[in-house]
Amino acid sequence: MKLWYDRKSKDPTYFIQLGVRNGKKTTTKNVARIGKHSELLKITDDPLAYAKEQVKKYNEEYKKENKVSLDLKVDFAEKIKATDALTSKSTQRNIGYFFLQQIYHELEIHSFFKNVTSDMKIEFDPNLVNRFMIYSRILNPDSKLGAHQNLSLYYEQPDFDYVHILRTMDIMKDHYEEYIRHLFEKSCNIIKRDTSVCFYDCTNYYFETEIDDEDYVDEVTGETIKGLRKYGPSKEHRPNPIVEMGLFMDRDGIPLSMCITSGSDNEQTTAIPLEQQMTKMLKGKKFIYCADAGLGSFNIRNFNSMGGRAFIVTQSIKKLSDPLKEAVFNDFDYRLLSTDEPVSLEHMKNFDRFDKTNEGLYNDRAYKVLTADRAIDTGLSEEKVCKNGKVRNVKSKAVLKQKIIISFSRKMMEYQRYIRNRQIERAKKLLKSLDPETYKKGPHDVTRFIKRTSSTKSGEKINDRYELDQSVIDEEEKYDGFYAVATNLDDSAKDIIEISSNRYKIEDCFRVMKTNFSARPVYHQKRDRIIAHFMICYTALLIYRILEKKLNMNQTHFSIDNVIETLNNMEVANIEDMCYMSTYTSSQVCTALNAVIDLGLDKKYYQPKELNKKIKKISK
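Below you will find a few notes about this structure. Being a predicted model, the structure only gives us computed values, none of them experimental. (Residues numbered from 1 in each chain as written. Predicted model: local features only at pLDDT ≥ 70, side-chain atom pairs only at ≥ 80, totals over all residues. Heavy atoms only, no water.)

1. Description of the overall build of the chain
Counted only if it meets this: Strands are runs of DSSP state E lasting at least two residues, helices are runs of H or I lasting at least four, and both sets are numbered from the N terminus onward. For the radius of gyration, the atom set is restricted to C-alpha positions; the globular benchmark scales as 2.2 Å times the number of residues to the power 0.38. Under the scheme applied here, a residue whose accessible area is under 20% of the maximum for its type counts as buried, over 50% as exposed, and between as partly exposed, the area being computed with a 1.4 Å probe on protein chains only. Residues count as neighbours in contact if any of their non-hydrogen atoms are within 4.5 Å of one another. Note on areas: Shrake-Rupley, 1.4 Å probe, and residue coverage restricted to the protein chains presented here. We treat Lys and Arg as the positive residues and Asp and Glu as the negative residues; His and chain ends play no part in the count. In plain terms, the charge of a residue is placed at NZ if it is Lys, CZ if Arg, CG if Asp and CD if Glu.
Check the secondary structure of the chain and you find 21 helices and 22 strands. For the chain, whose C-alpha radius of gyration is 34 Å, the value lies well above the compact-globule estimate of 25 Å for 620 residues. With the C-alpha coordinates of the chain rotated into their principal frame, the extents come out at 125 × 65 × 60 Å. Expressed as a percentage of its 620 residues, the buried residues of the chain come to 46%. Counting only contacts in the chain whose residues sit at least 6 apart along the sequence, the fraction spanning at least 24 positions is 66%. About 35,100 Å² of surface is accessible on the chain, with carbon and sulfur atoms providing 48% of the total. Counting 101 positive and 91 negative side-chain charges, the chain places the averaged centre of each group 3 Å from the other.

Pasting the structure below:
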């Protein structure tokens, strides 16, 4: 604060004036009136010196208590400034993204863009563009154009053109593998990454178009490039072209790597190429590959039996060989997972679960281990002497060692039967009003329980009769409560089943990207832009998971909806360019965020320079 008075006046009035710099604009406000020169002569011989002394006291008090009194004049007749804008916009500014910015900066993405653009002549900052595209994807998911139109929502008021977004996406795609590797390496400096188990799964995203992408020939290499948006089995069962996403995550549910492939590709073919890249990224570190049955093919299991790696994949009991299937239902050699004590399936299926003494047993599992080694072709040949004395070359074969852990849960059995019984009731209702002309049997819907029998007499019309197929119901009930995992590890069954049970975390990653981050619809048609779009979504997921990990380490656990809602609500209002006032309330999430990332965003008022300092502190 400083002293202000009209130096040309013969009887000036002395004021204590506060100057505030908000961006490029400087605003001054008189915070206190000391008095007129003639008035002060009654109490002092030197009014100017007295006024300077009062300013000094105000500054000392301001530094000590960090507060100041302002006289605010409000003109209720004043109108807002007229503009040519089509719609009105809020003047409030979001500061919740500061927490995301802290993690973004710790990932050192700015250094990545600095390196890859060092030999480019560009007039915009791709790091700035990427930064706010990621914040937008987390807080206000929209198209790239929509995100550009909403840049005024953020405190920093970033300034770049829409074409700069597209150019940044091109840069990202051109350095795809470097970008993914950079994110992993820098994330290891923020939190400890547990890559002892790497979970893998695939999903796909459909496009609102009926025309898939054609294959084309690369003009430089002459290679035929397969179109990206292709027809394939959609997870949402949509009749539209799709693209495939493969995602690896670590044991904590934090993404490690990803790939985007053509929608018509078999998802099993995506695992090994991406795993080979990730093995290089992990610098040969050993890990366990964990996936569901659809991504646990023989080739994938064989690949993960080499190089010190191992595998844990779910196994369909229905697809086991007859001898193994017989061993599953043979009520012999089953043990409790918790204590390893012998137990029978008969007892597990029939004990009184309402007896409190059986509560532990109800939540427990029975298990047994089956050896299921398989012969594999090594690609080599060897000489073999036949019975007739002749020598011929035959293919050499090795053995893929694996075992299958079968577990049975009474709780799961009852849940599956509850679901099936509801489906059977629906099938019964369907039988009452079934139109034979529209009857179509699906592999997973309730009509699988309905069978049709046709009968006729000589020369008469065929009569169709529909009824419940009890044989199908009985066959499905055989597998209720059973769960199988194939592995080449020698660890305990309990540890292996526990690892496999964490596969839900990767499904949650897909749910977050599709639901919370609105990864689709994708408003792009070019291959490179589509891939870059998912790179932005991947980075947003990584940043959020790191934030979530920090909160969990602080023993504070919140849903993603609660965290994003809090970050969105953390807005400030400009008070006459003098200060910013928080328009959000305190909450458990807000308190926890400020505890794990010390930015002090829990105050009622902020000076512009204070918020600017926070941004500079983050960017150091």
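Here the narrative resumes, following the displayed structure.
2. Observations regarding the packing of helix 4 (residues 109–116) against helix 8 (residues 176–190)
Spelled out, the test is: Lines fitted to the C-alpha atoms define the axes, with helices restricted to the stretch that makes contact. Angles between their N-to-C directions range from 0 to 180 degrees. When describing relative orientation, an angle under 35 degrees is termed roughly parallel and one over 145 degrees roughly antiparallel, while 65 to 115 degrees is termed roughly perpendicular and anything else oblique. Crossing handedness is defined as follows: a turn of the near helix away from the far one that is anticlockwise and smaller than a right angle gives a left-handed crossing, while the clockwise case is right-handed.
Their axes nearest at 10 Å, the elements helix 4 and helix 8 cross at an angle of 150°. Put simply, helix 4 runs roughly antiparallel to helix 8. As for the relative orientation of helix 4 and helix 8, their crossing is right-handed in sense. When helix 4 is examined against helix 8, the residues Ile109, Ser111, Phe112 and Val116 are found in contact with a partner set consisting of Glu178, Tyr179, His182 and Leu183.

3. Section: the side chain of asparagine 130
As for its position among the elements, asparagine 130 is in helix 5 (residues 126–139). The residues contacting asparagine 130, other than those within four sequence positions of it, are Tyr104, Ile109, Phe113, Thr168, Met172, Tyr179 and Ile536.

4. With respect to the nonpolar core
Inclusion rule: We call a set of buried Ala, Val, Leu, Ile, Met, Phe, Trp, Tyr and Cys residues a nonpolar core when their side-chain atoms join them within 4.5 Å.
Grouped together as the largest cluster of nonpolar side chains are 148 residues, with contacts concentrated most on Phe98, Met258, Tyr289, Met513, Phe517, Phe534 and Leu601. No other element matches the 16 residues that helix 18 (residues 527–553) contributes to this core. Leave out the neighbours within four places in its chain, and tyrosine 289 touches Cys198, Tyr200, Phe248, Ala271, Glu275, Leu295, Ile300, Asn304, Ala310, Phe311, Ile312 and Val313. Of all hydrophobic cores here, the second largest spans twelve residues; its members include Leu3, Leu18, Val31 and Leu40.

5. Focus: the sheet that holds strand 9 (residues 255–262)
What counts, and what does not: The pairing criterion for strands is at least two bridges between them, as found by DSSP.
A sheet is described by the order of its strands in space; here nine strands give the open sequence 9-8-5-10-11-19-16-13-12, paired in mixed fashion. The sheet is open, and its two borders are formed by strand 9 and strand 12 (335–336), each paired with just one other strand.

6. Considerations on the sheet that holds strand 4 (residues 93–94)
Spatial strand order, 4-20-21-22: four strands in an open sheet with antiparallel pairing. Each edge of the open sheet carries a strand with a single partner, namely strand 4 and strand 22 (605–606). Bridge analysis of strand 21 (residues 579–582) against strand 22 gives two bridges, and the strand direction is antiparallel. By the bridge assignment, methionine 581 is partnered in strand 22 with tyrosine 605.

7. So, the environment of threonine 487
Definition in use: N or O atoms closer than or at 3.5 Å make up a polar contact, with two conditions inside protein: a donor-capable atom paired with an acceptor-capable one, and, for residues adjacent in sequence, both atoms drawn from side chains.
Structurally, threonine 487 can be placed in strand 19 (residues 482–487). Spatially, the C-alpha atoms of threonine 487 and lysine 356 are 35 Å apart, while their sequence positions differ by 131 residues. Ignoring anything within four residues of it in the chain, the contact list for threonine 487 reads Phe311, Ile312, Gln402, Lys403, Ile405 and Ile496. For threonine 487, the side chain forms a polar contact with the main-chain oxygen of phenylalanine 311, separated by 2.8 Å.

8. Focus: the pattern of salt bridges
Stated precisely, the cut-off is as follows: A side-chain nitrogen of Lys or Arg and a carboxyl oxygen of Asp or Glu constitute a salt bridge if their distance falls within 4 Å.
Taken as a whole and judged by the stated rule, the model has 27 salt bridges. The shortest N-O distance in the salt bridge between aspartate 252 and lysine 549 comes to 3.5 Å. Of this pair, aspartate 252 sits in the loop between strand 8 (242–249) and strand 9 while lysine 549 sits in helix 18, placing them 297 residues apart in sequence. Between glutamate 425 and lysine 428 there is a salt bridge; the shortest N-O distance is 3.7 Å. Here lysine 428 and glutamate 425 lie together in helix 14 (residues 410–432), a separation of three residues that amounts to about one turn.

9. Brief notes about the pairing of strand 9
With eight of its eight residues buried, strand 9 lies for the most part within the structure. With seven bridges connecting them, strand 8 and strand 9 associate as antiparallel partners. What sits directly across from valine 243, in strand 9, is serine 262. In sequence, strand 8 turns back onto strand 9 through a hairpin of five residues, with glycine 253 there showing a positive phi of about 85°.

10. Let's talk about the pairing of strand 16 (residues 403–408)
With six of six residues buried, strand 16 is to be regarded as a mostly interior element. Alternating residues of strand 16 divide into Lys403, Ile405 and Ser407 and Ile404, Ile406 and Phe408, and every residue in both groups is buried. In this sheet, strand 16 lies alongside strand 13 (residues 366–371) in antiparallel orientation, the contact comprising six bridges. Paired with valine 369 across the strands is isoleucine 405, a residue of strand 16.

11. Section: helix 19 (residues 560–569)
The condition that has to hold: The directions from the helix axis to the C-beta atoms are what the arc is built from.
Restricting attention to buried positions, one finds in helix 19 the residues Ile560, Val563, Ile564, Thr566 and Leu567. For helix 19, the arc enclosing every buried residue in end-on projection is 160°, short of the 170-degree limit, so these residues lie on one face.

12. Things to note about helix 17 (residues 504–516)
As a reminder of what qualifies: Multiplying one less than the number of residues by 1.5 Å gives the expected span of a helix.
A rise of 1.5 Å per residue sets the reference length of helix 17, with its 13 residues, at 18 Å; its end C-alpha atoms lie 17 Å apart and thus fit the reference within 8%. For helix 17, the set of buried residues is Ile506, Cys509, Phe510, Val512, Met513 and Asn516. Looking at the buried side of helix 17, the elements it contacts are helix 5, strand 5 (197–206), strand 8, helix 18 and helix 19. Note on helix 17: the residue one or two positions beyond its end, serine 518, has a positive phi of about 45°.

13. Here we look at a negative patch on the surface
Selection rule: A residue counts toward a patch only above 30% relative accessible area and without a salt bridge, and it is joined to like-charged neighbours within 9 Å or, for Val, Leu, Ile, Met, Phe, Trp and Tyr, to nonpolar neighbours within 5 Å.
Taken together, Asp490, Asp491, Asp495 and Glu498 make up a surface patch of like negative charges. Take aspartate 490: it is sitting in the loop between strand 19 and helix 16 (493–501).

14. What to know about a nonpolar patch on the surface
Residues Met412, Tyr415, Tyr418 and Ile419 make up a contiguous nonpolar surface patch of roughly 400 Å² in combined accessible area. Within the fold, methionine 412 resides in helix 14.

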